[in-house]
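Per-entry structural report
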Amino acid sequence: MAELFTTIKVSIQDNNWYSLLFLFLGSLILYLITLKIILPILHYLIRKSPTNWDNMLIRRKVLEKLVLLPSLFFIGRFSYLLTDQQVVVERILNALFALIIMFALDRFLFAVNDVYEMLPSAKGKPIKGFIQVLQIIIFLFGGIIIIAILIERSPWILLSGLGAMTAVLLLIFRETILSFVASVRITSNRLIEIGDWIEMPQFGADGDVIDLALYSIQVQNWDKTIVSIPTHKLIDESFKNWKGMQQCGGRRIMRNINIDLESVRFCDEEMLAKFEKIGLLKEYLADKKNDISAHNRKLGIEETDFINGRHLTNIGTFRAYIERYLKRHPRINQNLIMMTRQMEPTSTGLPIQVYAFTNDTNWTVYESIQADIFDHLLAIVPEFNLRVFQYPSGYDLLQMKENIKSVT
């Protein structure tokens, strides 16, 4: 083997172009062998292992960060062929080696956090903050070591000078440092990604994220205007991200119908006979009537005693109708929370709130579904002998005037 190296050196050291070609082809072949053969074999062995923690190395692509190492070792072994540039090449190789190790350690720390989160004892005790501090330290010291290698100085000299320059650096690069720290947090925690719909009213932002940069994040509003938000402001101030809504497959409907309190009353036989003709209420009314009758008989209360006994009301029957209507609606997500609730009465009537989720998060489709539902509910309110509350309008005053005239 030594004779082979001597032969190669004698044959190509007089021509740097041949040396460069040899180093390039050799490192390329080693890279392809590592990437296409060795790496898949390692992945296969890891997946076949009985433990789960090592799968995190694949998930976080730790091994992928090391595929260049064999090529760097090869170039370093034959760097003597570049007689004039050997020192420079070795210096660059050492810097690249430190850079690769730095990125591999960064991905390894992500894998460590994933393994920790798999433990039952990790619930409610995250270590992500400590991991991020370690990552910052690795990049800080890694950067110093790389600079020291490139300028051929001891890292301790750079560290000693760094203390005196800290105040000046913080003043000059304040925005950069804030933006960098914010970018690390945003990226590592996946707070925002391209395509997310965010709201930040203090900056007039309400739309999709179209660009994530170090110093700013660009949001295209629904009116097609573009807002640029300083990256660190997303950490300093609050914002709303609609990603959860898009990922869960449902968009919330939360809207009230205000019922005139004067129209709320107990159901008489005529009203019940009319309600029983509504298909969605047949089973509900039969069950409620049996339950109420049994309760009143047990206490010896007459059916006509509305004060002491239990009786159906038109507002309660209307709520039951809305619930059954939503359960059968094809555009409502039945896997998410759904309810119809009675809110506190106010000066504008009794609010009946519809709380449900559509099965389509597209904005225009969502608005169409919501409008169709309330078109139907508002139109059917009078069928329950109820009235929707509204302040007197010009038409109401005109009708009142006509009634007064007819009386007089």
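Rules and cut-offs
- Residues numbered from 1 in each chain as written.
- Predicted model: local features only at pLDDT ≥ 70, side-chain atom pairs only at ≥ 80, totals over all residues.
- Heavy atoms only, no water.
- Helix = DSSP H or I, 4+ residues; strand = E, 2+ residues; numbered from the N terminus.
- Buried < 20%, exposed > 50% of the residue type's maximum accessible area, 1.4 Å probe, protein only.
- Contact = heavy atoms within 4.5 Å.
- Areas by Shrake-Rupley, 256 points an atom, 1.4 Å probe, with all protein chains shown as cover.
- Salt bridge = Lys/Arg side-chain N within 4 Å of Asp/Glu carboxyl O.
- Patch = residues over 30% accessible without salt bridge, like charges linked within 9 Å, V, L, I, M, F, W, Y side chains within 5 Å.
- Lys, Arg positive; Asp, Glu negative; His and termini not counted.
- Charge placed at Lys NZ, Arg CZ, Asp CG, Glu CD.
- Pairing = 2+ DSSP bridges.
- Axes fitted to C-alpha atoms, helices over the stretch in contact; angles between N-to-C directions.

Counting its regular elements, the protein contains 15 helices and eight strands. Counting all 408 residues of the protein, 32% fall into the buried class. Counting contacts in the protein only where the partners sit at least 6 residues apart, residues at least 24 apart contribute 64% of the total. When the accessible surface of the protein is summed, it comes to about 25600 Å², and 61% of that surface belongs to carbon and sulfur atoms.

What follows is about the pattern of salt bridges. One pass over the full model with this rule turns up eight salt bridges. With a closest N to O distance of 3.8 Å, Arg59 and Asp114 form a salt bridge. A residue pair is termed long-range when its members are at least 10 positions apart, and Arg59 in helix H3 (residues 55-59) and Asp114 in helix H5 (residues 86-118) qualify at 55 residues. Judged by its relative accessible area of 54%, Arg59 falls in the exposed class. Notably, a salt bridge pairs Asp196 with Lys243, separated by 3.4 Å at the nearest N-O pair. With Asp196 in the loop between helix H8 (174-189) and strand S1 (197-200) and Lys243 in helix H10 (residues 243-248), this pair connects stretches of sequence that are 47 residues apart.

Further remarks concern a negative patch on the surface. Taken together, the side chains of Asp268, Glu269, Glu270, Glu302 and Glu303 make up a negatively charged region of the molecular surface. Relative to the helices and strands, Asp268 is located in the loop between strand S6 (251-259) and helix H11 (269-275).

Once that is clear, we can look at the sheet that holds strand S7 (residues 339-342). Taking strand neighbours across the sheet as the criterion, the three strands line up as S6-S8-S7 in an open arrangement whose pairing is antiparallel. Only two strands of the sheet have a single partner each, and these edge strands are S6 and S7. Put simply, the sheet's adjacent strands are angled 20 degrees from each other on average, direction ignored. Relative to strand S8 (residues 350-358), S7 runs antiparallel, the two being bridged by four bridges. Directly across from Thr340, in S8, lies its bridge partner Val354. Of the strands in this sheet, S6, S7 and S8 touch helix H13 (residues 314-327), which is tilted by about 10 degrees from S8. The strands touched by helix H14 (residues 363-380) within the sheet are S6 and S8, with S6 carrying the most contacts at an inclination of about 25 degrees.

Once that is clear, we can look at the environment of Gln370. For Gln370, the location among the structural elements is in helix H14. Relative accessible area serves as the criterion here: at 5%, Gln370 is assigned to the buried category. C-alpha separation for the pair Gln370 and Met254, spaced 116 residues apart in sequence, amounts to 9.5 Å.

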